[in-house]
Amino acid sequence: MAHVAQGEPELRRVIDEDREVDGLGDQELLELYRSMVLLRTYDERSVVYHRQGRIGTYAIFWNHEAMQAGAVHALEDDDWIFPSYRESAIGLLRGMPASTILHWWRGHPAGWWNPADYNVASICVPIATQVPHAAGLAWGKKLKGERACALAFFGDGATSEGAFHEGANFAGVFQAPLVLFCNNNGWAISTPVGAQTHAEALVDKAAGYGIPGVRVDGGDVLAVYEATREAIDRAREGGGPTFVEAVSYRAAPHATADDPRAYIDLERVELEKQNECLGRYERYLRRHGVLGDDLDAEIRREAAELMRAGIVEAEAEPDADIALLFENAYANPPASFAHDLAELRRVLGGGLG
Ligand SMILES: Cc1ncc(C[n+]2csc(CCOP(=O)(O)OP(=O)(O)O)c2C)c(N)n1
Ligand SMILES: [Mg+2]
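Residues numbered from 1 in each chain as written. Chains lettered and ligands numbered in written order. Predicted model: local features only at pLDDT ≥ 70, side-chain atom pairs only at ≥ 80, totals over all residues. Heavy atoms only, no water.

Participant: What am I meant to see in the domain arrangement of the chain here?
Facilitator: How big an interface is tends to be expressed through the accessible area that disappears when the partners come together. In terms of domain boundaries, the chain breaks down into domain 1 (4-319) and domain 2 (321-353). A C-alpha centroid distance of 38 Å is found between domain 1 and domain 2. (Domains from an automatic or database assignment.)

Participant: What should I look at first to understand the site of ligand 1 in this one?
Facilitator: By nearness alone, 16 residues border ligand 1, and Tyr85, Arg86, Gly157, Asn185 and Trp187 come closest of all. Here a nitrogen atom of ligand 1 sits 3.1 Å away from a polar atom, N or O, in the main chain of Val125. A distance of 3.1 Å is found between a nitrogen atom of ligand 1 and a backbone nitrogen or oxygen belonging to Ile127. Its free accessible area being 580 Å², ligand 1 has 71% of it covered by the protein chains. Taken together, the residues that form the shell around ligand 1 break down as eight nonpolar, five polar and three charged. (Near = heavy atom within 4 Å. Polar contact = N/O pair within 3.5 Å; in protein donor to acceptor, adjacent residues only side chain to side chain. Areas by Shrake-Rupley, 256 points an atom, 1.4 Å probe, with all protein chains shown as cover. Nonpolar A, V, L, I, M, F, W, Y, C, P; charged D, E, K, R; others polar.)

Participant: Just checking my understanding: could you explain the side chain of Lys205 for this structure?
Facilitator: Topologically, Lys205 is positioned in helix H7 (residues 205-208). In this structure, Lys205 is buried with no salt-bridge partner, the nearest side chain bearing the opposite charge being Asp204 at 8.8 Å. Once you skip the residues sitting within four places of it in the chain, Lys205 turns out to touch Thr159, Phe164 and Thr197. (Helix = DSSP H or I, 4+ residues; strand = E, 2+ residues; numbered from the N terminus. Buried < 20%, exposed > 50% of the residue type's maximum accessible area, 1.4 Å probe, protein only. Lys, Arg positive; Asp, Glu negative; His and termini not counted. Salt bridge = Lys/Arg side-chain N within 4 Å of Asp/Glu carboxyl O. Contact = heavy atoms within 4.5 Å.)

Participant: Looking at this structure, I do not really get the sheet that holds strand E1 (residues 80-82). What am I missing?
Facilitator: Spatially, E1-E2-E3-E7-E6 is the arrangement adopted by the five strands of the open sheet, whose pairing is parallel. On the outer flanks of this sheet lie E1 and strand E6 (213-217), each paired with one strand and no other. On average, each strand axis in the sheet is tilted by 20° relative to the strand beside it, whichever way the strands run. As defined by bridge partners, E1 adjoins strand E2 (residues 150-155) across three bridges and the pair is classed as parallel. If you follow Phe82 over to E2, its bridge partner there is Ala152. (Pairing = 2+ DSSP bridges. Axes fitted to C-alpha atoms, helices over the stretch in contact; angles between N-to-C directions.)

Participant: Would you mind going over helix H6 (residues 162-173) with me for this structure?
Facilitator: Each full turn of the α-helix corresponds to 3.6 residues, which orients residues three or four apart in the same direction. Look at H6: 16 Å from first C-alpha to last across 12 residues, which is about the 16 Å you get at 1.5 Å a residue. All of the buried residues in H6 are Ala163, Phe164, Gly167, Ala168, Ala171 and Gly172. Looking straight down H6, one finds its buried side chains confined to an arc of 160°; they lie on one side. Set apart from the buried face of H6 by more than 90 degrees, the exposed residues are Glu166 and Val173. Looking at the buried side of H6, the elements it contacts are helix H5 (130-143), E2, strand E3 (178-184), H7 and strand E7 (242-247). (Expected span 1.5 Å × (residues − 1). Arc of directions from axis to C-beta.)

Participant: How should the packing of helix H1 (residues 26-51) against helix H11 (residues 293-316) be read in this particular structure?
Facilitator: Axis angle and axis distance: for two packed helices, these are the angle between their axes and the distance between the axes, and together they describe the pair. Running from amino to carboxyl end, H1 crosses H11 at an angle of 45°, the nearest separation of the two axes being 9 Å. With respect to their mutual orientation, H1 and H11 come out oblique. The element H1 and its partner H11 pack so that their crossing is right-handed. Touching Leu30, Tyr33, Arg34, Val37, Leu38, Thr41, Tyr42, Arg45, Ser46 and Tyr49 of H1 are Leu295, Asp296, Ile299, Arg300, Glu302, Ala303, Ala304, Leu306, Met307, Ile311, Ala314 and Glu315, all from H11. (Parallel < 35°, antiparallel > 145°, perpendicular 65-115°, else oblique. Left-handed = near helix turned anticlockwise from the far one by under 90°.)

Participant: Can you walk me through the coordination of the magnesium ion (ligand 2) in this structure?
Facilitator: Any two of four tetrahedral donors ideally make an angle of 109.5 degrees at the metal, while pairs among six octahedral donors ideally make 90 or 180 degrees. Looking at the magnesium ion (ligand 2), one finds its protein donor set to be Asp156 (OD), Asn185 (OD1) and Trp187 (O), positioned 2.1 Å from the metal centre. Sequence positions of the residues that donate to the magnesium ion (ligand 2) give the spacing D-x28-N-x1-W. Of this pair, Asp156 sits in the loop between E2 and H6 while Trp187 sits in strand E4 (residues 187-188), and the two are 31 residues apart along the sequence. Here Asp156 falls in the buried class, since its relative accessible area comes to 0%. (Donors = N, O, S within 2.8 Å, 3.2 Å for Na, K, Ca; no water.)

Participant: Honestly, the packing of aromatic side chains in this entry has me stumped. Any pointers?
Facilitator: The relation between two aromatic rings is expressed through the spacing of the ring centres and the mutual angle of the planes. This model, assessed by the stated rule, comprises 19 aromatic pairs. Ring geometry for Trp104 versus Trp105: centroids 4.8 Å apart, planes at 85°, classification edge-to-face. Classification of Trp104 by relative accessible area gives partly exposed; the value is 21%. The class of Trp105 is buried, set by a relative accessible area of 12%. Between the aromatic rings of Phe170 and Phe174, the centroid separation amounts to 4.6 Å while the plane-to-plane angle is 45°, which identifies the pairing as tilted. (Phe/Tyr/Trp six-rings, centres within 6.5 Å; stacked < 30°, edge-to-face > 60°.)

Have a look at this one:
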């Protein structure tokens, strides 16, 4: 049987070693906690929202919050984030309204944002295609002499895709200021990471591109933060890209449409749940006297309120006009579209749009 992440000694850790991280005072530690609580609240509410039939399929990121918050807090606001569907709510950490992300999951155009408003690229569903986008943007920043860097999130499964290799190689050759952040949660839907690669660890791939790699405990927000910050510092100083492999184990289904009982190691899932990343960090903060009951309650209340307001706002948005289905399909739409749209409106009887 597989063992939990803490049993893998080569991973970088902070929380389990009860270390402190340079440059993180009480305020910064609490900001990290706020971000994790916000992400956790968004995720749990979204699953309920899905069960009520108010959003479509949703990619759950429960227990991925340490990777997401730890990585983003190591960035500056000018740095760009390239998320996959697993990091769909990452914009929350850059001030994006929760309703925008809820709209995205409803397939509503109000869920499309201008990436330049938040330095957060569009959520990428095709696996790994965001990696060359991020490499290109990072290279562009370097050519322009700007100090901003980019960070691309992708999964273990993405390392088998051509786009990952092209992006990583490009970034290595051109020394683009990029962090290749691999969320290794052990699964690509039902394919385990052991069937994905013959390499001992995904981080070993970095050597092939001539770039440094670091392997961290993905359930340890402080280890993720520390490793990503080192990678970003290196990128900003002209040292090129770094591959960060954050190791965890997916404790929730791949998405709301998935039933993992058919393939997953249920015993391990239970162990992971007991050691989930938010609780681990909360215990660390309490041990170090940074967090108490009142503050914790206030942080959780704020996150719940933000989410409640986001849902109200999303619900108030009228349905999109169905003409949108046609409008953006062709530069020169075929003549039949006008008839097709009229027919669709007639069939729907004015029920939509
Ligand atoms: C190019 C492409 N191929 C296949 C899929 C179908 N697909 C959706 S999620 C997924 C698994 C990806 O696993 P991983 O990269 O480990 O990310 P995780 O879902 O674990 O975060 C696949 C194959 C897709 N979205 N895009
Ligand atoms: Mg995965």
